[in-house]
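# Summary of the model geometry
The chain contents come next:
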Amino acid sequence: MLPRPRPLGLCFRGSRGGHVILWLCLPTVRWMVGVKMAAAAAASIRERQTVALKRMLNFNVPHVKNSTGEPVWKVLIYDRFGQDIISPLLSVKELRDMGITLHLLLHSDRDPIPDVPAVYFVMPTEENIDRMCQDLRNQLYESYYLNFISAISRSKLEDIANAALAASAVTQVAKVFDQYLNFITLEDDMFVLCNQNKELVSYRAINRPDITDTEMETVMDTIVDSLFCFFVTLGAVPIIRCSRGTAAEMVAVKLDKKLRENLRDARNSLFTGDTLGAGQFSFQRPLLVLVDRNIDLATPLHHTWTYQALVHDVLDFHLNRVNLEESSGVENSPAGARPKRKNKKSYDLTPVDKFWQKHKGSPFPEVAESVQQELESYRAQEDEVKRLKSIMGLEGEDEGAISMLSDNTAKLTSAVSSLPELLEKKRLIDLHTNVATAVLEHIKARKLDVYFEYEEKIMSKTTLDKSLLDIISDPDAGTPEDKMRLFLIYYISAQQAPSEADLEQYKKALTDAGCNLNPLQYIKQWKAFAKMASAPASYGNTTTKPMGLLSRVMNTGSQFVMEGVKNLVLKQQNLPVTRILDNLMEMKSNPETDDYRYFDPKMLRGNDSSVPRNKNPFQEAIVFVVGGGNYIEYQNLVDYIKGKQGKHILYGCSELFNATQFIKQVKCTLLLCFS
């Protein structure tokens, strides 16, 4: 069964002596959705959250997909948090199908619409509560369905009750619900905690040396609240594993406590037995692996070669939307500089985009080749339609023409009926042609294929065919940031730090290339701590295989001129996060993970143990990175699980950053302070 959001029954019975008499009831009744429907709806976390949102928009009544009735027209009011949760999951068309005629920000200027109900979807912050109370006083809407992203406190609920009584709007407050949806789902198997105020849970916030205990508690509570919402939506209580002495351990302790307290309150528990019987996690409880970003700082800096990760690395890719600026060319640009930009365009990369779903994890040359093949296929279909139209336009009594008409009428009818599909195919081809072309510009201007191949060799301890100093000193090879990323990966991956003389030589070359050396100072501090903590430093022993400079996409007439770009074939190697997951999921004994703490929130008493009670390998797992994640790790986990039949993995992180954003955080943090 799908877990129902917790209704907060507001019962207003007037006032006595200036005091509001308010009854708050917190029932935990759950909707009894049919098992078949629940199982189908719970195939992924994306679908679970989408179902929960549609139910909310349907006045917290289960949404019937094929309902023939007219929807109730309504207004959706959300804050920035609610907007970020909804936008990757529901399109404007889907909102309209749910009866949403307007969707407005809570703090925008809104005109009264007195004959229309309003559905609110906001965080229970002081500022939001004040604005909602103001809406009640101004009688903006016919009725109010208040939905909070996270649980609202009793005191804030009383504020709403006071405002409703003062405005004589008690009967208009139709429903108040805690939705427990405080996380953002980006893929079927990927989620991130927040986008708004993400600096609160950023890598820098967790690791800055001057953070106070109170501030750290606030950061941890924010992360735990979102993870709790995630597991309520998932409908499962996990087994928790984490490393010791890290921020991940603090999250594990707090999450274990929060889950345990909710389970102990049988009457109000959000994890009663009838919610756990359907969907992806049906036969075994999932494993939650909490890892700290500090176990691996090389991967976030790594130049990548797969489509989705490249888009995130070099373009403005945000909540599944990529913003492009039309290039004006690179004719007058200095060597190694980024292309000039103008005129922005936005594209949504969604689950309905079959090309994206198929190729987002593919090496870039394969993507370019596939776009070209799709384009040629589309042109062939288009030419066939034109040919049939020409035949149908033949005149006269020519017997051959009449025979041809008869033979092709059915074909033309079929072609016309497939026209919408053909137009959609053309739209997606244009989209990916533009996106892939923008990526290719960066690859060629910055020699990203060279950086990727070189970093792969560094991380896998393979012999280098060119000295690091030569690449750093090459004015045509990338930006100062590219050079700094390369050197930091070399420094992190080196078994032994370079001598002071060598380091000074590298520093001079980096400075001459225009690099800011603050990140290097931070990494030196981090590596000193990592050695003491015995952090994993191995990145596998396989590497990329160059297949020559040219590929088949260089055919005459191709949209992509790949000359000079290496067609590198990826080989699977487990990154540290994937390796840790493999050890814990398969119950392997390994010094890297043997000391990981073990929490089972369903146990009556918590214990400080690293010995798992469950000895069987896990079928389902969630990997969550405290301090930020990236698409490189996500794709590595996706590739890993492909070889594990019947097993499922979800990847989550406190924030999603690319290398540029991560380096900015590192620049501001010159001393690592472990919690």
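Residues numbered from 1 in each chain as written. Predicted model: local features only at pLDDT ≥ 70, side-chain atom pairs only at ≥ 80, totals over all residues. Heavy atoms only, no water.

Inclusion rule: UniProt positions are given in the numbering used here, feature names are shortened, and annotations may be inferred rather than shown by experiment.
The protein chain has the name Sec1 family domain-containing protein 1 in an unreviewed UniProt entry, where Ailuropoda melanoleuca is given as its organism. Under the UniProt heading Sequence similarities (unreviewed entry), the entry covering the protein chain gives this text: "Belongs to the STXBP/unc-18/SEC1 family." According to the UniProt record, the Function (unreviewed entry) comment for the protein chain reads "Plays a role in SNARE-pin assembly and Golgi-to-ER retrograde transport via its interaction with COG4. Involved in vesicular transport between the endoplasmic reticulum and the Golgi."

## Comments concerning the overall build of the protein chain
Condition: In this description a helix means any DSSP run of H or I spanning at least four residues, a strand means any run of E spanning at least two, and both kinds are numbered starting from the N terminus. Throughout this description, buried means an accessible area under 20% of the type-specific maximum (1.4 Å probe, protein chains only), exposed means over 50%, and partly exposed covers the range between. We call two residues in contact when some of their heavy atoms are within 4.5 Å. Reported accessibility uses the Shrake-Rupley method at a 1.4 Å probe radius. Residues are deemed covered only where the shown protein chains occlude them.
Broken down by element type, the protein chain carries 22 helices and 20 strands. A buried classification covers 53% of the 675 residues belonging to the protein chain. Taking the contacts inside the protein chain whose residues are at least 6 apart along the sequence as the reference set, 79% of them involve residues at least 24 apart. Per element, the accessible surface of the protein chain, about 30000 Å² overall, is 52% carbon and sulfur.

## Overview of the layout of surface pockets
Rules: The way it works is a 1 Å grid over only the protein atoms, where trapped points that fit a 1.4 Å probe form a cavity and open points with protein on both sides within 12 Å along at least five of seven lines form a pocket, and then any residue with an atom within 4 Å of a point lines it. Grid points are joined across faces, edges and corners, and a volume is the space filled by probe spheres set on the points. Throughout, the ten residues Ala, Val, Leu, Ile, Met, Phe, Trp, Tyr, Cys and Pro are labelled nonpolar, Asp, Glu, Lys and Arg are labelled charged, and all others, Gly among them, are labelled polar. For every domain, the bounds stem from an assignment made automatically or drawn from a database.
In this model, the second largest pocket occupies a volume close to 490 Å³. In this structure, the second largest pocket is lined by 28 residues; those nearest its centre are Leu315, Asp316, Phe317, Asn658 and Gln661. Taken together, the elements giving at least two residues each to the lining of the second largest pocket come down to α10 (307–314), β13 (316–318), β14 (321–327), β15 (341–348), α14 (419–446) and α22 (659–667). When the residues that make up the lining of the second largest pocket are grouped by side-chain class, the tally is 11 nonpolar, 9 polar and 8 charged. When residues of the lining of the second largest pocket are assigned to domains, at least three fall in each of domain 2 (185–273 + 281–296 + 575–668) and domain 3 (303–326 + 346–391 + 411–446).

## Points about empty space enclosed by the protein
Picture a little ball the size of a water molecule; that probe, rolled over the atoms, points out where space is still empty. Following the criterion strictly, the structure yields 6 cavities of 30 Å³ or more and no others. By volume, the second largest cavity is sized at about 80 Å³. Every residue lining the second largest cavity is listed: Pro300, His302, Ala309, His312, Asp313, Arg485, Asn630, Tyr631, Ile632, Phe657, Asn658 and Ala659. At the level of elements, α10 and α21 (631–642) are the ones that each hand at least two residues to the lining of the second largest cavity. For the lining of the second largest cavity, the element with the most residues is α10, which contributes 3 residues. Its residues placed into classes, the lining of the second largest cavity shows 6 nonpolar, 4 polar and 2 charged. A domain-level breakdown of the lining of the second largest cavity finds at least three residues from each of domain 2 (185–273 + 281–296 + 575–668) and domain 3 (303–326 + 346–391 + 411–446).

## Comments concerning the packing of aromatic side chains
The following threshold applies: Only rings of Phe, Tyr and Trp enter the pairing, Trp through its six-membered ring, and a pair is recorded when the two centres are within 6.5 Å. The plane angle decides the type: under 30 degrees is stacked, over 60 is edge-to-face, the rest tilted. Counting as a charge over the ring demands two things of the Lys NZ or Arg CZ atom: a distance within 6 Å of the ring centre and an angle within 35 degrees of the ring normal.
Enumeration according to the criterion identifies 24 aromatic pairs in this entry. Judged by centre distance (5.4 Å) and plane angle (75°), the rings of phenylalanine 183 and phenylalanine 230 are edge-to-face. Of the two residues, phenylalanine 183 sits in the loop between β8 (173–178) and β9 (184–187) while phenylalanine 230 sits in helix α8 (residues 213–234), which places them 47 residues apart along the sequence. Here the aromatic rings of phenylalanine 191 and phenylalanine 624 are separated by 6.0 Å at their centres, their planes lie at 25°, and the arrangement is stacked. Here phenylalanine 624 lies in strand β19 (residues 620–626) and phenylalanine 191 lies in strand β10 (residues 190–192), a separation of 433 residues in the sequence. Relative accessible area serves as the criterion here: at 0%, phenylalanine 191 is assigned to the buried category. Look at phenylalanine 624 and you get buried, because its relative accessible area is 0%. The rings of Tyr307, Phe317, Trp356, Tyr631, Tyr634 and Tyr651 are connected pair by pair, giving a single aromatic cluster. Over the aromatic face of tyrosine 491 sits the side chain of lysine 527, whose NZ or CZ is 5.5 Å from the ring centroid.

## Describing unusual backbone geometry
Within the chain, lysine 447 stands out as a residue other than glycine whose phi angle is a positive 55°. You can see lysine 447 is positioned in the loop between α14 and α15 (448–459). A positive phi angle, close to 60°, is found at methionine 587, a residue other than glycine. By the element assignment, methionine 587 lies in the loop between α20 (576–585) and β18 (597–599).

## Overview of a negative patch on the surface
Going by this rule: The patch calculation keeps residues exceeding 30% relative accessible area without a salt bridge and links them within 9 Å when they carry like charges or within 5 Å when they are nonpolar (Val, Leu, Ile, Met, Phe, Trp, Tyr). Between Lys or Arg on one side and Asp or Glu on the other, a salt bridge is scored when a side-chain nitrogen of the former is within 4 Å of a carboxyl oxygen of the latter. Charge counting follows a simple rule: Lys and Arg are positive, Asp and Glu are negative, and His as well as the terminal groups are ignored. Charged groups are reduced to one reference atom each: NZ for lysine, CZ for arginine, CG for aspartic acid, CD for glutamic acid.
Taken together, the side chains of Glu126, Glu127, Asp130 and Asp159 define an acidic patch exposed on the protein surface. Ranked by residue count, the leading element in the negative patch is helix α5 (residues 126–138), at 3 residues. Among the secondary structure elements, glutamate 127 is positioned in helix α5.

## Some points on the side chain of arginine 110
Note the threshold: Pairs of N or O atoms are called polar contacts if they sit within 3.5 Å, as long as, within protein, a hydrogen donor faces a hydrogen acceptor (for residues adjacent in sequence, only side-chain-to-side-chain pairs).
In this fold, arginine 110 is placed in the loop between β5 (100–105) and β6 (118–122). Polar side-chain contacts of arginine 110 include one of 2.8 Å to the side chain of aspartate 135. Excluding residues within four positions of it along the chain, arginine 110 makes contact with Ile77, Leu104, Leu105, Tyr120, Arg131, Asp135, Leu140 and Tyr141.

## Thoughts on the environment of alanine 164
In this fold, alanine 164 is placed in helix α6 (residues 154–166). The class for alanine 164 is buried, based on a relative accessible area of 0%. Separated by 30 residues in the primary sequence, alanine 164 and glutamine 134 have C-alpha atoms spaced 9.7 Å apart.

## Digging into the environment of glutamine 645
Looking at the secondary structure, you find glutamine 645 in the loop between α21 and β20 (648–653). For glutamine 645 and glutamine 619, which are 26 residues apart along the polypeptide, the C-alpha to C-alpha distance reads 9.4 Å.

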